[in-house]
Amino acid sequence: MLRQALAITRISISSIPERWAPSLVIVIGLAGVVAVFTALLAMATGFASTLKATGRTDFAIVLRGGSQAELNSALLREQTDLIEQGPGIRSGADGKPLASAELMIIAELIRKDDVKNGANITVRGVEPTAFALRPNLKIVAGRKFTPGLRELIVGRGVLREFQGAEIGKTVRMRGSNWTVVGEFEAGDSHDSELWTDVNVARTTFGRLGSSSVLVALDGPDGFQKLKTAMAADPRMTVDVIREQDYYDGQTQQFRQTIGFLAGVVTIIMALGAVFAALNSMYAAVAARGKEIATLRAIGFGGFPVVISVMIESLLLALGGGVLGALIAYVLFNNLSVATLGQNFTQVVFNFKVTPELVLRGLIIAVVIGMLGGLLPAIRAARLPITTSLREQ
Amino acid sequence: MTRSGFVIANLFRKRTRTILTLLSVIMAFLLFGLLQSVNHIFNAGADFVGATRLMTQARVSFTQPLPISMVPKLEAIPGVARVAFSQWFGGVWQENTQLFVFAIDPLRYRDVYPEFVMPDAQWQAFANTRTAMIAGKLIADQYGWKVGQKIPISSNIYPQKNSGNAWAFDLVGIFDGKDESWHKQTNVVFINRDYFDEANAFGIKGRTNFFILKLADSNRAEAISKTVDAMFENSPDETKTQTEKDFNLGFIKQIGDIGLIVRWILFAVFFTLLLVVGNTMAQSVRERIPELAVLKTLGFSDGSVLGLVLAEALALCLFGGLVGLCLATMGGAMVEKGTGGQFQLQLDASVWIIGVAAIVLMSLAVGLLPALRARRLKIVDALAGR
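Please read these numbers as outputs of a predicted model, since none were measured by experiment.

(A) Highlighting the overall build of chain A. Looking only at helices and strands, chain A has 12 helices and 13 strands in total. Taken over C-alpha atoms, the radius of gyration comes to 30 Å for chain A, far larger than the 21 Å a tight globule of 392 residues would show. Seen along its three principal axes, the alpha-carbon backbone of chain A occupies a region of about 95 × 50 × 30 Å. Relative to its full complement of 392 residues, chain A shows a buried share of 54%. Looking at chain A alone, contacts between residues at least 24 apart form 83% of all its contacts between residues at least 6 apart.

Rendered as structure tokens:
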């Protein structure tokens, strides 16, 4: 029986070129579904992995209690001093705690493809330890800002998507000009930021304290030590969050929204593709009615016919799936886009077409191919031999 | 048999095929409707506001508050009728639901936004009760708030002096929009800014995120916004003033490239659909070549044979397309209701117009080639099966 099935499949597949139009419908239909599915999820994956890369498990971020994001948080100078001297924080080479009180403010830059609407960009005021805490952040052009001066360094991502922050340009903030003196690359969401000296930022923006304190944890129980100490201190209400959990939490809403969108769009498109595949396979079966009837007449069984139709449908679907994944990869992989993050500022990230997404897309294609092939296959096997043979 | 009867009978000769094709067309237009309405939000979401108001924010970013002492200077500018202001509160309902809560000066806001309607007594109560809040109809309905209740709302930015993140306000009024599009804007809460100013532990006193300038004459919007920005140039509180419409559009644009992605999806869907339906039409004409030849023999002109085939394509696309758009309208309304108006997926007239245009275009695209083929048929060749 297997040999029969193989033989019929070979015949049917070699005759596909003669019936290319309906076969193409399946391929294109599935390519559309898989391309859309993969592209949408590649966006969610890219966003999540950019933010996830920012957070480390052996770091913690301290925010004002209940503030959820750095933008909303504010800590007074006394509080940040207490946090930096808290327990569970690793010491640097100079014996001081590895902690960085940072101030997050927002400035507007204009997108490259826009002329007037500003987009919110994070400006991070940092102390020198901030660089020690993020060794992956490298100055790739120009130099670091000089403490005490109104100078900025700009992330790669900002340069990619927004205008007016190139090295040598000035950015206008609060009635004064800030010169961009360097460009940095970190490979994570800091690439969507401008950095400057925290004290200059404080005086310019009239903010006394900081938004957050980032600390390197000392050993596996460092987190718990710091958290317990902060909770016990009546002088402050703060949230101590592992840095990776913090950044992971920032992606949740986006992932949910895109996941929902991808789900709805894929289901609707997949249904459309199933109907189209059914149509094409019915047509294929009808076109091959005489041939199938002949095979049945010379002794081939019904089951091999079913198998051959199913295999044809599956192969076409798989071909469409591969084509779709390829289209998504070529058009979207590493495509740089920017959207609003939880801090209400732009996060620049790249689409990521991962092997896992491609695999999921191909599974969808195979399922659609099966659904589209099954009914026509059964009809093919049930064709009354005599009438089919007599048909023109 | 009438011509339309003939077209329909032809469509239903291969019932399975017609039904399956119809279903794919329906799915495609369901998706088209939903995505087009999402697209619509990104492109023209703020149409209803008109140009009688300007929004003034800090030039660096609207998250940087401006001093309220600017109000008299703004009101002194000729052409500015009234100035209101609003401050983002960072409202959070229950565990983690973000609310749109703004601290405002009640009577100024009322003058600047006559589109929000509420009984006068409630406005007075709002102005005269320090701890008062008013809620839009949409949000009040969603959470079942009633006038007279004390509503606990926390802030993720400003702690209350005595109670930390938890605040509570007396609901003294519920306002609605003057029409449907303004009704959809009533998912906001307003609190009294005097109380906010005094009770927040942060000491941001006398500052606010936005000034809203109501103009006496909307034609002077551009000149006035230049005047405002020039007035505060080179101060720490430089301003950026734009029309309310531009402001809203800019706000939506911050979400970024989603609109672009949506257009890509639409393109993929349409391309796919075009092939599916086009192929079906081509196939059905191919199978009927001898019949079409018979029709021509009977005296049907080339033009009317072309018309018959085109009519079939149109019937298929029109029926499937309209059903799909109806489903999308219902689905959009369901999404809007399910999210309490937060996510407004309305398929309004403009989406329908684009949808119908797409249906007609698509019928032509898929029907024209087979129809031309039918028109060109030579009777003798076709009957002979050549």
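(B) Quick look at the overall build of chain B. A count of helical and extended segments in chain B gives 15 helices and 14 strands. Compactness check: chain B gives a C-alpha radius of gyration of 30 Å against a globular reference of 21 Å for 386 residues, more than 25% above the reference. Taken along the three principal axes of its C-alpha coordinates, chain B extends 95 × 45 × 35 Å. For chain B, buried positions account for 43% of its 386 residues. Looking at chain B alone, contacts between residues at least 24 apart form 80% of all its contacts between residues at least 6 apart.

(C) Broad picture of the environment of glutamate 198 of chain B. Residues and elements named next belong to chain B. You can see glutamate 198 is positioned in helix α8 (residues 193-199). For glutamate 198, a count of 11 C-beta atoms within 10 Å puts it in the exposed group. Taking the C-alpha atoms as reference points, glutamate 198 and glutamine 160, 38 residues apart in sequence, are found 9.4 Å from one another.

(D) Broad picture of the nonpolar core. Counting residues in hydrophobic clusters, the biggest one holds 231 residues, and the most contacted among them are Val215 of chain A together with Leu31 of chain B. It is helix α8 (residues 243-287) of chain A that provides the largest number of residues to this core, a total of 23 residues. For leucine 31 of chain B, the contacting residues outside a window of four places in its chain are Val265, Ile268 and Met269 of chain A together with Val269 of chain B.

(E) Broad picture of the pairing of strand β6 (residues 100-104) of chain B. All names here are of chain B. The element β6 is largely enclosed, with a buried count of four among its five residues. One ladder, built from three bridges, connects strand β3 (residues 80-88) with β6; its direction is antiparallel. Paired with glutamine 87 across the strands is alanine 103, a residue of β6. Strand direction decides the pairing type here: β6 and strand β11 (residues 188-192), joined by five bridges, are parallel. Counterpart to alanine 103 in the pairing with β11 is isoleucine 191.

(F) Structural detail: the packing of helix α2 (residues 20-54) of chain A against helix α11 (residues 355-382) of chain A. Residue and element names in this part refer to chain A. Contact geometry of α2 with α11 gives a least axis separation of 9 Å together with a crossing angle of 150°. With respect to their mutual orientation, α2 and α11 come out roughly antiparallel. The handedness of the crossing between α2 and α11 is right-handed. Residues Ile26, Leu30, Val33, Val34, Phe37, Thr38, Leu41, Ala42 and Thr45 of α2 touch α11, and the partners they reach there are Leu357, Val358, Gly361, Ile364, Ala365, Ile368 and Gly372.

(G) Expanded view of the environment of glutamate 95 of chain B. Tracing the sequence through the fold places glutamate 95 of chain B in the loop between β4 (91-93) and β5 (97-98). Remark: the alpha-carbon pair of glutamate 95 of chain B and serine 154 of chain B, spanning 59 residues in sequence, is separated by 9.3 Å.

(H) Quick peek at the interface of chain B and chain A. Taken together, the contact between chain B and chain A spans 46 residues of the former and 43 residues of the latter. Elements supplying a minimum of two residues to the side of chain B that touches chain A: α2 (15-44), α10 (244-253) and α11 (258-287) of chain B. Broken down by element, the side of chain B that touches chain A gets its largest block of residues, 13 residues, from α11 of chain B. When its residues are assigned to classes, the side of chain B that touches chain A shows 21 nonpolar, 20 polar and five charged.

(I) Spotlight on the domain arrangement of chain A. All names here are of chain A. The domain architecture assigned to chain A consists of domain 1 (2-53 + 251-390) and domain 2 (66-236). The centre of domain 1, based on its C-alpha atoms, is set 47 Å off from the matching centre of domain 2. In this assembly, 12 residues from domain 1 lie in contact with 18 residues from domain 2. Counting only elements with at least two residues in the side of domain 1 that touches domain 2, the list comes to α2, β12 (336-340) and β13 (346-350). Of the residues that constitute the side of domain 1 that touches domain 2, the class distribution is six nonpolar, six polar and no charged.

(J) The packing of α2 of chain A against α8 of chain A, seen in detail. Residue and element names in this part refer to chain A. Put simply, α2 and α8 touch, their axes get as near as 9 Å, and they point 175° apart. Relative to α8, the element α2 is oriented roughly antiparallel. Split into classes, the residues belonging to the contact of α2 with α8 amount to 27 nonpolar, 10 polar and three charged.

(K) Region of interest: unusual backbone geometry. Residues and elements named next belong to chain A. Of note, glutamine 68 is a non-glycine position whose phi angle comes to about 70°, a positive value. Within the secondary structure, glutamine 68 sits in the loop between β1 (59-64) and α3 (77-84). For glutamine 68, a count of 22 C-beta atoms within 10 Å gives the class buried. If you check the backbone angles, arginine 174 has positive phi at about 50° while not being a glycine. Summarising the element assignment, arginine 174 is placed in the loop between β7 (170-173) and β8 (176-185).

(L) Quick peek at α2 of chain A. For α2 of chain A, which comprises 35 residues, the first-to-last C-alpha distance of 50 Å matches the rise-based estimate of 51 Å (1.5 Å per residue) to within 8%. Counting buried positions along α2 of chain A gives 29 out of 35 residues, so the element sits mostly inside the fold.

(M) Seen up close, the environment of phenylalanine 85 of chain B. Looking at where phenylalanine 85 of chain B falls in the secondary structure, it is placed in strand β3. Sequence separation between phenylalanine 85 of chain B and arginine 193 of chain B is 108 residues; the distance between their C-alpha atoms is 9.4 Å.

(N) Representation of the pairing of strand β5 (residues 151-155) of chain A. All names here are of chain A. The element β5 is extensively covered by neighbouring structure, given that five of its five residues are classed as buried. Neither face of β5 is open: one carries Glu151, Ile153 and Gly155, the other Leu152 and Val154, and all of them are buried. Strand direction decides the pairing type here: β5 and strand β9 (residues 193-197), joined by two bridges, are antiparallel. Bridge assignment links isoleucine 153 to a residue of β9, and that residue is tryptophan 195.

(O) Local environment of the confidence of the model for chain B. Per-residue confidence for chain B gives a mean pLDDT of 87; residues scoring 70 or more make up 95%. Scored as a complex, the prediction yields pTM 0.87 and ipTM 0.83.

Conventions used here
Residues numbered from 1 in each chain as written. Chains lettered and ligands numbered in written order. Predicted model: local features only at pLDDT ≥ 70, side-chain atom pairs only at ≥ 80, totals over all residues. Helix = DSSP H or I, 4+ residues; strand = E, 2+ residues; numbered from the N terminus. Rg over C-alpha atoms; globule rule 2.2 N^0.38 Å. Buried ≥ 20, exposed ≤ 12 C-beta atoms within 10 Å, placed from the backbone. Contact = placed C-beta atoms within 7 Å. Core = buried A, V, L, I, M, F, W, Y, C linked by C-beta atoms within 7 Å. Pairing = 2+ DSSP bridges. Axes fitted to C-alpha atoms, helices over the stretch in contact; angles between N-to-C directions. Parallel < 35°, antiparallel > 145°, perpendicular 65-115°, else oblique. Left-handed = near helix turned anticlockwise from the far one by under 90°. Nonpolar A, V, L, I, M, F, W, Y, C, P; charged D, E, K, R; others polar. Domains from an automatic or database assignment. Expected span 1.5 Å × (residues − 1). pLDDT = per-residue confidence, 0-100.

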